[in-house]
Amino acid sequence: MHTHSRRMKSRLGGLAKTAMAGAALAACVITLGGSAGAGGSAGAATSTAPGVTANSITVGTISTQTGPISSNFSSLIYGEKAYFDYINAQGGINGRKIDYKYTLDDAGDPSTFTQLAKTLVLQDHVFAVTGVATAFFTPNIFVEAKIPTYGYNVTENWNGPSNLFAAGGSVIYLPAGAPGFAYVVDKTHAKKLAIVAYGVASSAASCQSDANSLTKAGYQVVYTDFKISYPGTTVATDVQRMKQAGADFVLSCMDVQGNVTMARAIKQYGGGITQLWLNGNDQQTLNQNESLMQGIYFYVAHVPFTAPTSEYPGLKLYLTEMKKYEPAYAQDEVAIQGWESAALFAQGVKMAGKNLTQANVIKDTNTLTDFTAGGLTVPTNWTTGHTGHAPPYCGAYIEAVGDKYVPALDTSKKNVFVCFGSTSANHPKPETAPAGTPSG
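Note that the structure is a prediction, hence the values are computed from the model and not measured.

**Q** Explain the packing of aromatic side chains to me, using residue names and the numbers behind them.
**A** Under the counting rule described, the total for this entry stands at 24 aromatic pairs. Ring geometry for Phe-298 and Tyr-405: centres 5.3 Å apart, planes at 85 degrees, overall edge-to-face. Taken together, the positions of Phe-298 in strand 12 (residues 297–300) and Tyr-405 in strand 14 (residues 404–407) put the pair 107 residues apart, joining distant regions of the chain. For Phe-298, a relative accessible area of 0% gives the class buried. Geometrically, the ring pair formed by Tyr-318 and Trp-339 is edge-to-face, given 5.1 Å between the ring centres and 85 degrees between the ring planes. Within this pair, whereas Tyr-318 is found in helix 10 (residues 313–325), its partner Trp-339 is found in helix 11 (residues 335–352), the two being separated by 21 residues in sequence. Residue Tyr-318 shares its accessibility class with Trp-339, and that shared class is buried. Among the aromatic side chains, those forming a connected cluster through ring pairs are Tyr-83, Phe-84, Tyr-86, Tyr-100, Phe-127, Tyr-150, Phe-165, Phe-305, Tyr-318, Trp-339, Phe-345 and Trp-382.

The following block contains the structure:
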């Protein structure tokens, strides 16, 4: 019984939206070099760090691979694995290959997660936890062990400690979403808004914040429901009420199941409502629901998968390697977060060089001011990315057209990201993307 609605995650110099999950709910022109900085002849010095030998670095991950909420988390490991396979094929990093040895499954159980965390750190002695994807992340043991930890922030407790690196920045800042959503409303000429979410904090809080910001900015929010029961089987009733209220636009913080049910009801009741989903833009979903999803908009925190690869070499590298190593997940929204996490870990290892310790990887990573996972995302400033949020707030928008998701809202191919200089939702105007943002 899980959903994952998306929330805005602030980056200093950018904004990510990451899929927010909860127990019942439910957001490379490589920095390592043109070839991801892999290989290298620096020579691996001896190290007493856990999980490190002269020619390997052992890492692990904990994610929800089985159970009723697994669909929202299970693919992170495939993005990670593809990245490590890509790096290892070039000889590894500074002479050491990544041994992606432990991919542990918490099965969507919080006590299991806690036990597995102890196992990875205290028994398996991994050098780093390079991917966490679960609704039950608790940072305690990772912080106490001072182990480099990376992953998918769905729990809002990644911020603070210097060793926790959530993909795209560790701070989730809900007000940052409103200007982008207002921009979509304006571009689609909508007049009356409906906003819906599941009745759990990690879904409802985001949409409640958006409703407040949009109302304050003068938009007509004519219908809200932040108490929908997962998995959204009752949302048809909400659609009836939206129609009665005259809504011509709906923002949804539900997961894919609720969103598809909503789309079906909207079609059943005659259409006429533009939809912006914060979850559900995986290719498999569109393949299965193409007729229902035409014209639906989505937010993404990375260069859209269908952006021209000739203009975005980081996307070309990502798709090439994913199709080689994990083709079923090449356009998966959680897998790309695994790739981002693995790329950040690899960057820190490369920077640490011969003096490879956990502390040095953490220290050196926290000097990065413009990490883009090799040209996939708006820059993350890790000197402030554990605690801060500041404009500009950026993201990309896509639309379901036929059997593809295409860049939407007339954004130039020269820059697929739309950025805003404040959290104001008062008919915001896009600003120039921050320096280092991937562009055509």
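**Q** Tell me about the state of the cysteines, and please be specific about residues and values.
**A** This model, assessed by the stated rule, comprises 2 disulfides. The residue that forms a disulfide with Cys-207 is Cys-253, at a sulfur-sulfur distance of 2.2 Å. One quick way to see it: the torsion about the S-S bond of Cys-207 and Cys-253 is about 90 degrees, and its sign makes the bridge right-handed. With Cys-207 in helix 5 (residues 201–216) and Cys-253 in the loop between strand 10 (249–252) and helix 7 (256–268), this residue pair connects regions lying 46 residues apart in the sequence. The burial state of Cys-207 is the same as that of Cys-253; both residues are buried. At a sulfur-sulfur separation of 2.1 Å, the disulfide partner of Cys-394 is Cys-419. Between Cys-394 and Cys-419, the S-S torsion sits near 115 degrees, and that sign places the bridge as right-handed. Of the two residues, Cys-394 sits in strand 13 (residues 393–401) while Cys-419 sits in strand 15 (residues 417–420), which places them 25 residues apart along the sequence. Cys-419 shares its class with Cys-394; the two are buried.

**Q** Lay out the sheet that holds strand 3 (residues 56–63) in plain terms, naming residues and giving numbers.
**A** With parallel pairing, the 5 strands of this open sheet are ordered in space as 4-3-5-6-7. In the strand order of this sheet, the two ends are held by strand 4 (97–105) and strand 7 (164–166), each with one partner. Between one strand axis and the next, the sheet turns through 20 degrees on average, direction left out of account. Sitting on the sheet, helix 2 (residues 110–123) is in contact with strand 3, strand 4 and strand 5 (128–133), with an inclination near 175 degrees to strand 3.

Cut-offs applied
- Residues numbered from 1 in each chain as written.
- Predicted model: local features only at pLDDT ≥ 70, side-chain atom pairs only at ≥ 80, totals over all residues.
- Heavy atoms only, no water.
- Phe/Tyr/Trp six-rings, centres within 6.5 Å; stacked < 30°, edge-to-face > 60°.
- Helix = DSSP H or I, 4+ residues; strand = E, 2+ residues; numbered from the N terminus.
- Buried < 20%, exposed > 50% of the residue type's maximum accessible area, 1.4 Å probe, protein only.
- Disulfide = S-S within 2.5 Å.
- Pairing = 2+ DSSP bridges.
- Axes fitted to C-alpha atoms, helices over the stretch in contact; angles between N-to-C directions.
- Contact = heavy atoms within 4.5 Å.

By themselves these figures say nothing about function.
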